[in-house]
Amino acid sequence: MNTQADLTPRLPEGRWALFLDIDGTLLEHAAHPDSVSVSEELHRLLETIERRLDGALAFITGRSIAAVDRLFDPLKLRIAGLYGLEHRLTPDGQIEAADEPADMAALADEIELELASKAVYVERKGPVLAIHTRAAPHLLARAAELVEAALARLPEGYRVIAGNAGVELMPLEAAKGAAIRRFMQLDPFSGRRPVFLGDDTSDENGFDTVNAAGGISIRVKPQGETAARFAIADVASALAWLEANFGDPAEQRAGNDLFA
């Protein structure tokens, strides 16, 4: 990992494919996922990036595609939702959706009974169960205990991922790296060099994938060890970096040519 706290380099000329996490990367975290909003400036930036990259831009997120579409309406991009369990391979294409299995639904009911009244948000995302403790950080350990206990009762094929302010239970095939690899096999991503920005534990798999492909991996506000080769201090710095490298050329900001 590059240990610079604030890295805002200029990318060299090249054919890039850009993959973006959303929460903590493009938007500041909130106690509840529905409490965030998207500015007109971010809308315009993403539209500009998609145009300049000839469509080689995709969200890689833990949110469902439906939730992302509501948040960014009317903008629709290529996207892998639920860590790659859902896909929309073209902006106007069909959504490959994922349903909530019965065993996951039963466990979610039980966890909600204990935690939902304690400022903890239990988010049911089909086959993914997310427990958000940002508004009640003292309950993170208890949330992790409940999810670990739930894992033992599920069939094989699930895993637990602990994040900065919560914990998630998901199928093994839910992996951002796999979603990035799928996009990289398709037009307009094929033959380009991947760039991935993320901020959390669930993004590490994506960083590994991008590193193996000779791309650029960047973690926003890193905490502890990370596979990302570079770091950016915060969301505002990440947005400035995106604008400098992929925004309107007339508005791009100067930077250091560190990736030659």
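Look up: the structure comes first, before these words.
Calculation notes
- Residues numbered from 1 in each chain as written.
- Predicted model: local features only at pLDDT ≥ 70, side-chain atom pairs only at ≥ 80, totals over all residues.
- Heavy atoms only, no water.
- Salt bridge = Lys/Arg side-chain N within 4 Å of Asp/Glu carboxyl O.
- Helix = DSSP H or I, 4+ residues; strand = E, 2+ residues; numbered from the N terminus.
- Buried < 20%, exposed > 50% of the residue type's maximum accessible area, 1.4 Å probe, protein only.
- Axes fitted to C-alpha atoms, helices over the stretch in contact; angles between N-to-C directions.
- Parallel < 35°, antiparallel > 145°, perpendicular 65-115°, else oblique.
- Contact = heavy atoms within 4.5 Å.
- Nonpolar A, V, L, I, M, F, W, Y, C, P; charged D, E, K, R; others polar.
- Phe/Tyr/Trp six-rings, centres within 6.5 Å; stacked < 30°, edge-to-face > 60°.
- Expected span 1.5 Å × (residues − 1).
- Arc of directions from axis to C-beta.
- Pairing = 2+ DSSP bridges.

**Q** How should the pattern of salt bridges be read in this particular structure?
**A** Where charged atoms from two side chains of opposite charge approach closely, those side chains can pair. Within this structure, the stated rule accounts for 16 salt bridges. Two residues, Arg124 and Glu112, come together in a salt bridge whose shortest N-O distance is 3.0 Å. In this pair, Arg124 sits in strand S5 (residues 121-125) while Glu112 sits in helix H3 (residues 102-115), placing the two residues 12 residues apart along the sequence. Accessibility expressed as a relative area gives 26% for Glu112, which makes it partly exposed.

**Q** What is the right way to look at the packing of helix H5 (residues 176-184) against helix H6 (residues 204-212) in this model?
**A** Angle between the axes and distance between the axes: these two values describe a pair of packed helices. At a minimum axis separation of 7 Å, H5 and H6 run at an interaxial angle of 40 degrees. Accordingly, the angle class assigned to the pair H5 and H6 is oblique. Contacts between H5 and H6 pair Lys176, Gly177, Ala178, Ile180 and Arg181 from the former with Asn205, Gly206, Thr209 and Val210 from the latter. Taken together, the residues that form the contact of H5 with H6 break down as 3 nonpolar, 4 polar and 2 charged.

**Q** So what exactly am I meant to see when it comes to the packing of aromatic side chains here?
**A** Centre distance and the angle of the planes are the two values used to describe a pair of aromatic rings. Applying the stated criterion to the full structure yields 6 aromatic pairs. Where Phe59 meets Phe72, the ring centres are 4.8 Å apart and the plane angle is 40 degrees; that geometry is what we call tilted. Taken together, the positions of Phe59 in strand S2 (residues 57-60) and Phe72 in helix H2 (residues 65-72) put the pair 13 residues apart, joining distant regions of the chain. Each of the two residues, Phe59 as well as Phe72, counts as buried. Residues Trp241 and Phe246 carry aromatic rings whose centres are separated by 5.9 Å and whose planes lie at 70 degrees to one another, so their mutual orientation is edge-to-face. The exposure class assigned to Phe246 is buried, which follows from its relative accessible area of 3%.

**Q** Explain helix H4 (residues 140-153) to me, please; I cannot follow it from the model alone.
**A** Helical geometry: 3.6 residues make up each α-helical turn, so side chains three or four residues apart lie on a common side. The terminal C-alpha atoms of H4, which comprises 14 residues, lie 20 Å apart, in line with the 20 Å expected from a rise of 1.5 Å per residue. Listing the buried residues of H4 in full gives Ala143, Leu146, Val147 and Ala150. Taken down its axis, H4 places every buried residue within 95 degrees of arc, on the same side. Turned more than 90 degrees off the buried face of H4, the exposed positions are Ala141 and Ala152. Looking at the buried residues of H4, the elements they touch are H3, strand S6 (128-132), strand S7 (158-162) and strand S8 (166-171).

**Q** What exactly am I supposed to notice about the sheet that holds S7 here?
**A** Two strands in a sheet stick together by hydrogen bonds in their backbones, pointing the same way (parallel) or opposite ways (antiparallel). Taken in spatial order, the 4 strands line up as S5-S6-S8-S7 in an open sheet, and their pairing is antiparallel. This sheet does not close on itself; its edge strands, each paired only once, are S5 and S7. With direction set aside, neighbouring strand axes in the sheet form an average angle of 15 degrees. With respect to the sheet, H3 is in contact with S5, S6, S7 and S8, its orientation differing from that of S5 by roughly 170 degrees. Here H4 sits on the sheet in contact with S6, S7 and S8, set at roughly 15 degrees to S8.

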